[in-house]
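# A structural walkthrough
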Amino acid sequence: MINILKKLSTLLAGLALIFGSVDAKKYENAETKKALIVYFSHTRNTKLIAERAQKELTAANYQVDLQRIEPTKNYPEYGDKLRNLALKEANDDNCRPKFKSMNINAQNYDLILIGTPVWWYKAPKVVLSFMEKQDFSGKKVRFFITHAGGPGTCISDMKSACKAANFGKNIDIYCNSPGNGKVDYNETISWIKKIKEEMED
Ligand SMILES: Cc1cc2nc3c(=O)[nH]c(=O)nc-3n(C[C@H](O)[C@H](O)[C@H](O)COP(=O)(O)O)c2cc1C
């Protein structure tokens with residue numbers, strides 16, 4: 001009888017341990033928010049901002065996927081050829097350049113940050129190509145754009161490409177053109193801080 005009781009208490013202790021750890025895991029998972037940072041970048045300014053945003057969110061215990069929008073056909077190096085092609089695309093409302101396939105479902109994330117340089121006062125069309133293929137409805141979507149002084153309609157172009165999303169604070173960051181590997185991260189750091197607070201509300 002004593003033996004049976006001992007076995008029973010060992011079994012109960014084991015069960016408590018198992019269920020205890022399952023509960024702890026559940027709690028842990030509930031705390032980990034998933035963020036997607038997706039960006040287009042030609043001369044690296046936007047890439048650097050995206051990477052910094054990833055660093056800040058990761059430090060805040062977010063699980064972050066960082067993805068780059070890559071056009072199927074590479075754009076020319078910075079210079080007249082690029083400027084002319086980008087201008088042609090900017091003036092063509094129907095232009096939607098193809099991009100390399102990406103395994104993304106926006107609905108899987110709690111937070112989505114989308115970044116791009118400004119091209120001819122607008123969002124580059126390849127960014128719209130990507131956005132129009134996703135379902136952002138009900139999702140918290142925030143934008144970060146880099147530019148050399150004339151952000152134009154870039155953010156509203158992107159907003160129009162994901163109408164049913166939940167918008168909030170976006171940032172536009174002044175950068176060198178072309179990028180020289182030096183960007184100021186202060187705005188990005190305080191932006192991510194604000195987003196984190198907003199997500200906790
Ligand atoms: C084709 C082209 C068009 C641009 N048009 C604008 C513009 O309209 N307004 C602006 O402020 N900056 C403009 N820029 C500057 C870029 O937006 C800026 O340098 C940006 O940070 C580049 O980002 P990236 O390094 O991630 O490609 C343009 C740059 C290029 C290459």
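I will try to describe carefully the structure that is included in this document. All residue numbers refer to position in the chain's written sequence, counted from 1. Under the rules for a predicted model, residues below a pLDDT of 70 receive no local features and side-chain atom pairs below 80 are neither given nor counted, while totals for whole chains, interfaces and linings still include all residues.

### Points about the overall build of the protein
Numbering of helices and strands starts at the N terminus; helices are DSSP runs of H or I of at least 4 residues and strands are runs of E of at least 2. Along the protein, the regular secondary structure elements total 6 helices and 6 strands. Secondary structure elements of the protein occur, N-terminal to C-terminal, as α-β-α-β-α-β-α-β-α-β-β-α. Contact between residues is assigned whenever the C-beta positions, reconstructed from backbone atoms, fall within 7 Å. For the protein, restricting intrachain contacts to residue pairs at least 6 apart in sequence, the fraction spanning at least 24 positions comes to 83%.

### Focus: the site of the ligand
Around the ligand sit 26 residues in total, of which Thr 46, Pro 117, Thr 146, His 147 and Ser 177 are the nearest. Counting residues per element, the ones that place at least two in the shell around the ligand are α2 (45–59), α3 (80–90) and β4 (140–147). Here the shell around the ligand is built from residues that sort into 11 nonpolar, 12 polar and 3 charged. A molecule or strand has a residue near it when that residue's C-beta atom, placed from backbone coordinates, lies within 6 Å of it. Classification convention: Asp, Glu, Lys, Arg as charged; Ala, Val, Leu, Ile, Met, Phe, Trp, Tyr, Cys, Pro as nonpolar; all other residues, Gly among them, as polar.

### Focus: unusual backbone geometry
Ser 177 connects to Pro 178 through a cis peptide bond whose omega is -5°. With respect to the helices, strands and loops of the structure, Pro 178 is situated in the loop between β6 (171–174) and α6 (186–200). Of note in this structure, Arg 44 is not a glycine but carries a positive phi near 85°. Notably, Asn 61 is not glycine yet its phi reads approximately 75°, a positive angle. Structurally, the position occupied by Asn 61 is in the loop between α2 and β2 (63–68). A residue is called partly exposed when the number of other C-beta atoms within 10 Å of its own lies between 12 and 20, exposed at 12 or fewer, and buried at 20 or more, with C-beta atoms placed from the backbone. Here Asn 61 falls in the exposed class, since 11 other C-beta atoms lie within 10 Å of it.

### Some details on the environment of Asn 186
Looking at the element boundaries, Asn 186 is found in helix α6. Asn 186 gets classed as exposed once you count the C-beta atoms within 10 Å, which come to 9. C-alpha of Asn 186 to C-alpha of Ile 173: the two residues are 13 residues apart in sequence and 9.9 Å apart in space.

### Re the pairing of β4
Across the 8 residues of β4, 7 count as buried, placing the element largely inside the fold. Pairing between strands is defined by DSSP: at least two bridges between the two strands are required. As paired elements, strand β3 (residues 111–117) and β4 share 7 bridges and run parallel to each other. Paired with Gly 115 across the two strands is Phe 144, which belongs to β4. Assignment of crossover handedness uses the view with strands pointing away from the viewer, where a clockwise path from the first strand over the helix to the second indicates a right-handed crossover. In this fold, β3 hands off to helix α4 (residues 125–132), which returns the chain to β4; that crossover is right-handed. Note that β4 and strand β5 (residues 166–167) share 2 bridges and pair parallel. The partner of Lys 140 across the bridge, within β5, is Asn 166. In this fold, β4 hands off to helix α5 (residues 154–160), which returns the chain to β5; that crossover is right-handed. When β4 meets β6, the two strands line up parallel, connected through 4 bridges. Across the sheet, the residue bridging to Thr 146 is Ile 173, located in β6.

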